[in-house]
Structures are given as structure tokens and as C-alpha cells.
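# Structural features, examined
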Amino acid sequence: MIGMYDVQKHFGDLHVLKDINLQVPSGQVVVVLGPSGSGKSTLCRTINRLEPIDSGRIEIDGVELPAEGKALARLRADVGMVFQSFNLFAHKTILDNVTLGPIKVKGMRKAEADKLGMQLLERVGIASQRDKLPAQLSGGQQQRVAIARALAMQPKVMLFDEPTSALDPEMVQEVLDVMTSLAKEGMTMLVVTHEMGFARRAADRVLFMSDGEIVEDAEPDAFFDNPQSNRAKDFLGKIL
Ligand code: ADP
Ligand code: MG
């Protein structure tokens, strides 16, 4: 579902992605771990072309992402993304936040978009908040709206970049629960997180990044119980 082939990316002199090769089959849940600055966010952002790459190839469901234009907008809709900061539209209601994409990008009629939006708000446990503004919701609720909004585009892949890092501790679990249920429903997911419990329970596969490279690629138990590289051992020693 996601294919990255020989992907290189620099920011000026900084080599942030060093020859990344990664294939994620449909339905797989991949957790990406690694120290700050290792290139995890950049990896996510290149997958839906928020960041251009220098060379290499990225495919979603077998189709190479075009560099720009209408075709890019269409294919980008296949890749939902949820960030640390929820980035909701502050002056739009919760329901409008969810329906805007389908109406504007996919040309869906309002009645249909509202129906879909309500289904998704139900799914993330927040339908009763439909007419509120984002600021009236807790951080955990806002992040669940952000997930519903991404799902409204009916993506083939969901990318999560530290979705719980900005939340108060008591709100982390409600967001992880939504992500876990998505994973169980078979969504293809790439999740950058520091939530090791989630990584162990929900991931099919753990990638460990360091200095722009994928240093380890293993099943969660194998990674946590028996990391191969000194860099991963060092990282786990600091966080566990
Ligand atoms: P991570 O998400 O693992 O913390 P990032 O992908 O955000 O790492 O960043 C990787 C490296 O690229 C860091 O050294 C960061 O400072 C640098 N970087 C990220 N975005 C930019 C940018 N837009 N311009 C220049 N350097 C950047
Ligand atoms: Mg990051």
C-alpha cells in the first residue's frame, strides 16, 4: 500500500532521509520510533508530498505520487494525516470540520457529507459535539475530530505524527483507543509515537530510525526484547 524506493531527501546540507526503502502491505500497522531529529516527521511528510523528495520513488497503492497538480491533490486524498497539533478550522463547527474536505475536494453533496461526517463522529465517540467549535472541546476530543476529518476523505493509508504528544496525560488513551480500533478494522497505518504500550500492542511492525536511516525493522516483541543495534539499545535505555 505504501512503497518507498531509494528515497533521498536533504534540507540544505543536512541529509535527512538516506536511501529509504520501505514497503508497507495493506492492513499493516507500522510504528516508527527514534530520537528527535532522526527524520520521522520528514518521512511522513514525504509520503503525501507535503515535502518533496530529491530522488527516488514513492507509491501509494501501486501508483506513483505525481510532483504536483490536480493528480497530486487526488492521490493525496488517499493518504490521511494526523498531526501533533490538531489543525482544526477554529471558526467552523466540529461537523463542518469533518465535511469540508469531502465537499471541496471530492465534490460530495452537503447532505451526503453530513451523513458521512456524523457516522465518523459516532465512530470516534464525539457525535454529540457536532455543533460546537473546536475550542469548546478538550484536546483529546479535538484530536478525535482530526482523525474523523482525515477518515472523511476515505483514505487508503493513515499517517499519524505524534498524535498524542500535545495532549494532557489523561486524554492520551481515548485517542490511542480510536487508533487501535482503526488498526483492528484493517486500516493501513504508519504511526510515529513515543507510546511504547501502543507500539507493543497495536503494531505489526516497528521501524527504528536514527540519523535519517531505518536502522531496525522488526516485530514489536523482537524489537523491544532484543534490539540489534547499539543506537536502538541506547534509545530504549533512555525511554523505558
Ligand atoms: P523527527 O520527526 O524525527 O524529530 P524531523 O523529520 O522533524 O525529525 O527532522 C529531521 C531533521 O531535519 C532535523 O535535524 C530537523 O531539524 C531537520 N528539518 C526538519 N524540517 C526542516 C525544514 N523544513 N528545514 C530545514 N531542516 C529541517
Ligand atoms: Mg517529528
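In what follows, the structure referred to is the one given above.
Everything numeric in this text was worked out from a predicted model, so none of it was measured. (Residues numbered from 1 in each chain as written. Chains lettered and ligands numbered in written order. Predicted model: local features only at pLDDT ≥ 70, side-chain atom pairs only at ≥ 80, totals over all residues. Heavy atoms only, no water.)

## Comments concerning the sheet that holds strand 4 (residues 55–60)
Read across the sheet, 4 strands follow the order 2-1-4-5 without closing on themselves; strand pairing throughout is antiparallel. Bordering the open sheet on either side are strand 2 (14–24) and strand 5 (63–64), each of which pairs with just one other strand. Relative to strand 2, strand 1 (residues 2–11) runs antiparallel, the two being bridged by 7 bridges. For Met4, the partnering residue across the bridge sits in strand 2 and is Leu22. Relative to strand 1, helix 1 (residues 40–47) is tilted by about 120 degrees, and along the sheet it contacts strand 1, strand 2 and strand 4. (Pairing = 2+ DSSP bridges. Helix = DSSP H or I, 4+ residues; strand = E, 2+ residues; numbered from the N terminus. Contact = heavy atoms within 4.5 Å. Axes fitted to C-alpha atoms, helices over the stretch in contact; angles between N-to-C directions.)

## As for the site of ligand 1
Around ligand 1, a shell composed of Phe11, Leu14, Val16, Pro35, Ser36, Gly37, Ser38, Gly39, Lys40, Ser41 and Thr42 is seen. Interatomic distance of 3.0 Å between a backbone N/O atom of Gly39 and an oxygen atom of ligand 1. Here an oxygen atom of ligand 1 and a side-chain polar atom of Thr42 are 2.5 Å apart. Protein chains shield 59% of the accessible area of ligand 1, which is 570 Å² for the free molecule. Elements with a contribution of two residues or more to the shell around ligand 1: strand 2 and helix 1. When residues in the shell around ligand 1 are grouped by element, the largest group, 3 residues, is from helix 1. (Near = heavy atom within 4 Å. Polar contact = N/O pair within 3.5 Å; in protein donor to acceptor, adjacent residues only side chain to side chain. Areas by Shrake-Rupley, 256 points an atom, 1.4 Å probe, with all protein chains shown as cover.)

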